[in-house]
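Structure assessment
Below, each chain spelled out in residue letters.
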Amino acid sequence: FKNKPGEIKKAIFFDEHGVCDACNFAEKKKSIDWSDRERELKALCDRHRRSDGRYDVVVPGSGGKDSVMAAHVLKYKYGMNPILVTWPPAIYTDIGRRNFDAWINAGFANYTYHQNKKVHRTLTRLAFEKLCHPFQPFILGQKNLAPKMSALLDIPLVIFGENEAEYGNAIQDNDKPTRDPKYYTAENQMADLYLGGVSAQQLMEEYKFTMADLEAYLPVDPYRIEKVGTEVHYLGYYLKWHPQETY
């Protein structure tokens, strides 16, 4: 929420041997005690599983391999009751839509947030013009929707598939099971929050968007997160995640 034009963001890191963080972590995974990690997962599920059969975990995703895998194992192996949430693409491909439908038809309920297309088009254009990153508005919604739904539905546990750090984000993020709240919570000071390289305050003043228009892209109020007790976890921390094996 601080990404402004002209700033240089840290990208993937290569060590003195020319090996990237993603490859180094792939090697490190070979020495992790995955049995111990799975015991941690079972304890996490036991702590959050509801005895009355209500939804007890939010699983975000599109119906691709990772979200399907996460929802399936949580429900059918660990006895959880997942509710799925989706931030859909602007245009579905035929295979993408078929995968999404198959996900739902496998025995899951889903909340899909259909964006205000006028707002989304504007933010996407601005992100391209200001940041050369037209995908940024999609990512903001994709990563923030699940914690928002956690607070809205009073379901503290959120579980994504694998950690982005497995593929090049800061490698130290792989050392913990949770996503740092700084990535999805902040007090809404409109002048300090940027969407598409433009401050939220400017978007409201110059583009005449309202708070309601921008709400889906903004971080969650930290007080709401604290009240519900939201925790955002990565299943890839607990289970040995291999992209090709989740198909």
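Look up: the structure comes first, before these words.
Here we summarise the structure given alongside this text. (Residues numbered from 1 in each chain as written. Predicted model: local features only at pLDDT ≥ 70, side-chain atom pairs only at ≥ 80, totals over all residues. Heavy atoms only, no water.)

1. Quick notes on unusual backbone geometry
Put simply, the rule is: Each helix is a run of DSSP H or I of at least 4 residues and each strand a run of E of at least 2, with the numbering of both proceeding from the N terminus.
In this structure, Cys132 takes a positive phi of about 55° despite not being glycine. With respect to the secondary-structure elements, Cys132 resides in the loop between α5 (117–131) and α6 (136–153). Notably, Asp154 is not glycine yet its phi reads approximately 60°, a positive angle. In this structure, Asp154 sits in the loop between α6 and β4 (157–160).

2. Observations regarding the side chain of Lys29
To be explicit about the condition: Working rule for contacts: check all heavy atoms of both residues, and any pair within 4.5 Å makes them a contact.
By the secondary structure assignment, Lys29 is in the loop between α1 (21–28) and α2 (34–48). Sequence-distant contacts of Lys29, defined by excluding residues within four places in its chain, comprise Trp34, Glu166 and Trp241.

3. A closer look at α2
Condition: Helix span is expected to be 1.5 Å times the residue number reduced by one. Exposure categories follow from relative accessible area, calculated using a 1.4 Å probe and restricted to protein chains: below 20% of the type maximum is buried, above 50% is exposed, and the middle band is partly exposed. Comment: arc refers to directions from the helix axis out to C-beta atoms. Whenever two N or O atoms come within 3.5 Å, that pair is a polar contact, provided that in protein one can donate a hydrogen and the other can accept it, and provided that, for residues adjacent in sequence, both atoms are side-chain atoms.
The first and last C-alpha atoms of α2 sit 21 Å apart over 15 residues, in line with the 21 Å expected at 1.5 Å per residue. Where α2 is concerned, the buried positions are Trp34, Arg37, Glu38, Leu41, Leu44, Cys45 and His48. Looking down the long axis of α2, one finds its buried residues gathered within 110° of arc, a one-sided arrangement. For α2, the exposed residues lying more than 90 degrees away from the buried face are Asp46 and Arg47. Its buried side turned inward, α2 meets α3 (65–77), β4, β7 (231–234) and α10 (235–238). For α2, the N-terminal cap is Asp33; the gap from its side-chain oxygen to the backbone nitrogen of Ser35 is 3.2 Å.

4. Describing the packing of α5 against α6
As a reminder of what qualifies: Lines fitted to the C-alpha atoms define the axes, with helices restricted to the stretch that makes contact. Angles between their N-to-C directions range from 0 to 180 degrees. Small angles under 35 degrees read as roughly parallel and large ones over 145 as roughly antiparallel, with 65 to 115 read as roughly perpendicular and the rest as oblique. Here the term charged refers only to Asp, Glu, Lys and Arg, the term nonpolar to Ala, Val, Leu, Ile, Met, Phe, Trp, Tyr, Cys and Pro, and the term polar to all other amino acids, Gly among them.
Put simply, α5 and α6 touch, their axes get as near as 8 Å, and they point 120° apart. One element, α5, and the other, α6, form an angle in the oblique class. Along the contact surface, α5 presents His120, Leu123, Thr124, Ala127 and Leu131, while α6 presents Gln136, Pro137 and Phe138. Partitioned by chemical class, the residues of the contact of α5 with α6 number five nonpolar, three polar and no charged.

5. Observations regarding the nonpolar core
Note the threshold: For this analysis, a nonpolar core means a set of buried residues of the types Ala, Val, Leu, Ile, Met, Phe, Trp, Tyr and Cys, connected via side-chain atoms within 4.5 Å.
Val58, Leu195, Leu203, Leu214, Tyr217 and Leu218 are the most contacted members of the largest nonpolar core, which totals 32 residues. Among the elements of the structure, β2 (82–86), α5, α6, β4, α7 (200–206) and β7 are those that each provide at least two residues to this core. The leading source of residues in this core is α6, at five residues. Counting 22 residues, the second largest nonpolar core, distinct from the first, contains Tyr78, Leu84, Trp103 and Leu235.

6. Here we look at the pattern of salt bridges
Selection rule: Only one rule defines a salt bridge in this text: a Lys or Arg side-chain nitrogen within 4 Å of an Asp or Glu carboxyl oxygen.
Under the criterion given, the structure shown has 14 salt bridges. With a shortest N-O distance of 3.2 Å, Arg47 and Glu231 are connected by a salt bridge. Remark: Glu231 occurs in strand β7 and Arg47 occurs in helix α2; sequence separation between them is 184 residues. Given a relative accessible area of 23%, Glu231 falls into the partly exposed group.

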